[in-house]
Amino acid sequence: MSHRIFNFSAGPATLPEPVLRQAQAELMDWQGMGASIAEISHRSAPFIEMAAQAEADLRRLLSVPDDYAVLFLQGGATLQQALIPLNLAAPGQVADYLITGHWGQTALKQARPYVDARVVASGEANGYRGVPPRADWCLSGDAAYLHVTANETIHGVELRDRIEADVPVFADFSSSIASEPIDVSDYGLIYAGAQKNLGPSGITVVIVRRDLLNRAGQPRADILTYASHMARDSMLNTPPTFNWYLLGLCLRWMLDEGGVEAFGHRNASRAARLYAAIDGSEGFYRNEVAPAVRSRMNVPFFLRDATLDAEFLRQAGERGLMGLKGHKVVGGMRASLYNALPDAAVRALIDFMQEFAQRHG
Ligand SMILES: *Cc1c(COP(=O)(O)O)cnc(C)c1O
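Residues numbered from 1 in each chain as written. Predicted model: local features only at pLDDT ≥ 70, side-chain atom pairs only at ≥ 80, totals over all residues. Heavy atoms only, no water.

The name given to the protein chain in an unreviewed UniProt entry is Phosphoserine aminotransferase, with the source organism recorded as Solilutibacter tolerans. Looking at the Sequence similarities (unreviewed entry) heading of the UniProt record, one finds this comment for the protein chain: "Belongs to the class-V pyridoxal-phosphate-dependent aminotransferase family. SerC subfamily." (UniProt positions renumbered as here; feature names shortened; annotations may be inferred.)

A.B. asks: Outline the pattern of salt bridges, listing residues and values.
C.D. replies: Tallying each qualifying case throughout the model produces 19 salt bridges. In this structure, R296 and E180 form a salt bridge, with 3.4 Å as the shortest nitrogen-oxygen distance. Remark: E180 occurs in the loop between strand 8 (169-172) and strand 9 (189-193) and R296 occurs in the loop between strand 11 (285-286) and strand 12 (298-303); sequence separation between them is 116 residues. Residue classification places R296 among the buried residues on the basis of a relative accessible area of 8%. Residue R286 is joined to E288 by a salt bridge in which the shortest nitrogen-to-oxygen separation is 2.7 Å. Via salt bridges that share partners, E158, R160, E180 and R296 belong to a single interconnected network. (Salt bridge = Lys/Arg side-chain N within 4 Å of Asp/Glu carboxyl O. Helix = DSSP H or I, 4+ residues; strand = E, 2+ residues; numbered from the N terminus. Buried < 20%, exposed > 50% of the residue type's maximum accessible area, 1.4 Å probe, protein only.)

A.B. asks: Kindly report on the site of the ligand, identifying the contributing residues and their values.
C.D. replies: The full set of residues close to the ligand is G76, A77, T78, W103, N151, T153, D172, S174, S175, Q195 and K196. Contacts to the ligand include T78, whose side-chain N or O atom sits 2.5 Å from an oxygen atom. Within the contact set of the ligand, an oxygen atom lies 2.6 Å away from a side-chain nitrogen or oxygen of K196. The protein chains hide 87% of the 390 Å² of surface that the ligand would expose on its own. With 3 residues, the top contributor of residues to the shell around the ligand is helix 3 (residues 76-88). Counted by class, the shell around the ligand contains 2 nonpolar, 7 polar and 2 charged residues. (Near = heavy atom within 4 Å. Polar contact = N/O pair within 3.5 Å; in protein donor to acceptor, adjacent residues only side chain to side chain. Areas by Shrake-Rupley, 256 points an atom, 1.4 Å probe, with all protein chains shown as cover. Nonpolar A, V, L, I, M, F, W, Y, C, P; charged D, E, K, R; others polar.)

A.B. asks: Can you tell me about the packing of aromatic side chains, naming the residues and giving the values?
C.D. replies: Going through the model one piece at a time under the given rule, you end up with 16 aromatic pairs. Judged by centre distance (6.4 Å) and plane angle (80°), the rings of W30 and Y245 are edge-to-face. Separated by 215 residues along the polypeptide, W30 in the loop between helix 1 (17-25) and helix 2 (45-62) and Y245 in helix 6 (residues 241-256) bring together distant segments of the chain. Side by side, W30 and Y245 carry an identical accessibility label, which is buried. Residues W253 and F263 carry aromatic rings whose centres are separated by 5.5 Å and whose planes lie at 45° to one another, so their mutual orientation is tilted. (Phe/Tyr/Trp six-rings, centres within 6.5 Å; stacked < 30°, edge-to-face > 60°.)

A.B. asks: Let's hear about the domain arrangement of the protein chain: which residues, and what values?
C.D. replies: What the domain assignment reports for the protein chain is domain 1 (18-256) and domain 2 (259-360). Here the C-alpha centre of domain 2 lies 27 Å away from the C-alpha centre of domain 1. Every contact between the two is made by 25 residues of domain 1 and, on the other side, 24 residues of domain 2. Buried area between domain 1 and domain 2, summed over both chains or domains, comes out near 2100 Å², and the portion from carbon and sulfur atoms is 56%. Here domain 1 and domain 2 share 3 salt bridges between them. Put simply, domain 1 and domain 2 have 15 residue pairs in polar contact (both at pLDDT 80 or more) between them. For the side of domain 1 that touches domain 2, the secondary structure elements donating two or more residues are helix 2, strand 7 (157-158) and helix 6. Here the side of domain 1 that touches domain 2 takes 3 residues from helix 6, the largest share from any one element. For the side of domain 1 that touches domain 2, the per-class residue count stands at 10 nonpolar, 10 polar and 5 charged. (Domains from an automatic or database assignment. Contact = heavy atoms within 4.5 Å. Buried area = accessible area lost by both parts, 1.4 Å probe.)

A.B. asks: Help me get a handle on the pairing of strand 4 (residues 116-122), residues and values and all.
C.D. replies: Pairing geometry for strand 3 (residues 94-99) and strand 4, over 6 bridges, is parallel. The partner of V94 across the bridge, within strand 4, is D116. In this fold, the crossover linking strand 3 to strand 4 by way of helix 4 (residues 102-111) has right-handed handedness. (Pairing = 2+ DSSP bridges. Right-handed = clockwise from strand over helix to strand, strands pointing away.)

As structure tokens, then:
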């Protein structure tokens, strides 16, 4: 086995080693077909069976109720941010957006051509260091939906309280899906690009309450229509077959590892240890997000002396700790702690951070 780094990339992100090994072993000959899964028709029985198994595994992993459809689509999370208003709101209808970071802003931008998108509250004035208090939210009342970002991958802000609203709540779960148990029925729609916590890029999961798909929405092509994708089992056109397969292997791996309960415990403990190391560094490192809404999956942090940033990344790299540079929108550092990241990586990061602080503090 060649050398593997400790990969803290925010996405595309690290994949489970057993998944990579299995994909490697099956690349020349998948299920005795004498071809890889990337080389066969999506209309073939073995492919259809693989796809159905992936859906069954996702439903089991997330306890998805039967009155929800599961779609496997292309175009990433960003395309869903446009498809949501196109499918689920009338032209010019009001839609509410809670903005807790960068990805909430992109959702708003993608929706603006289609709906009267209103910001119910925004953490922007506060530098996205927290979630605006519920008492300050200005809900429209007649909105088609309320859109929220469950976990802000760049700003490191995670919604921790159940969102109560009179309209269906639509949530971008790209970077925290399957990181802990959730109640799917709290949401009208959940979407997640797979490349953070579920598998490879190029495939996006949409979980949507079936009755919502009866909404007329707006003039749009069939290929942009959720109901059409549902009717054709997400094979309206050629799906991203290899990505779907890799996603399926990741889902199976998560179930084998104990499912979302096990990951929930593991992720909470890992994040707590990293935040404790940051908070215990006497200001050498800092994270500015309100503790109650700090992300368990993406931990942005800053060095007190930013002139040490390059040296920090260089020395981290020497130890095989990669992908720690913060997003350009906020700078500093960011450690993404997705399900597939081994525990040893988090321990190695904390050890390194403490040693670095001692040497340079
Ligand atoms: C990465 C990310 C996106 C964008 O995903 P794409 O698949 O690149 O469109 C949107 N929302 C969140 C929360 C993300 O983490």
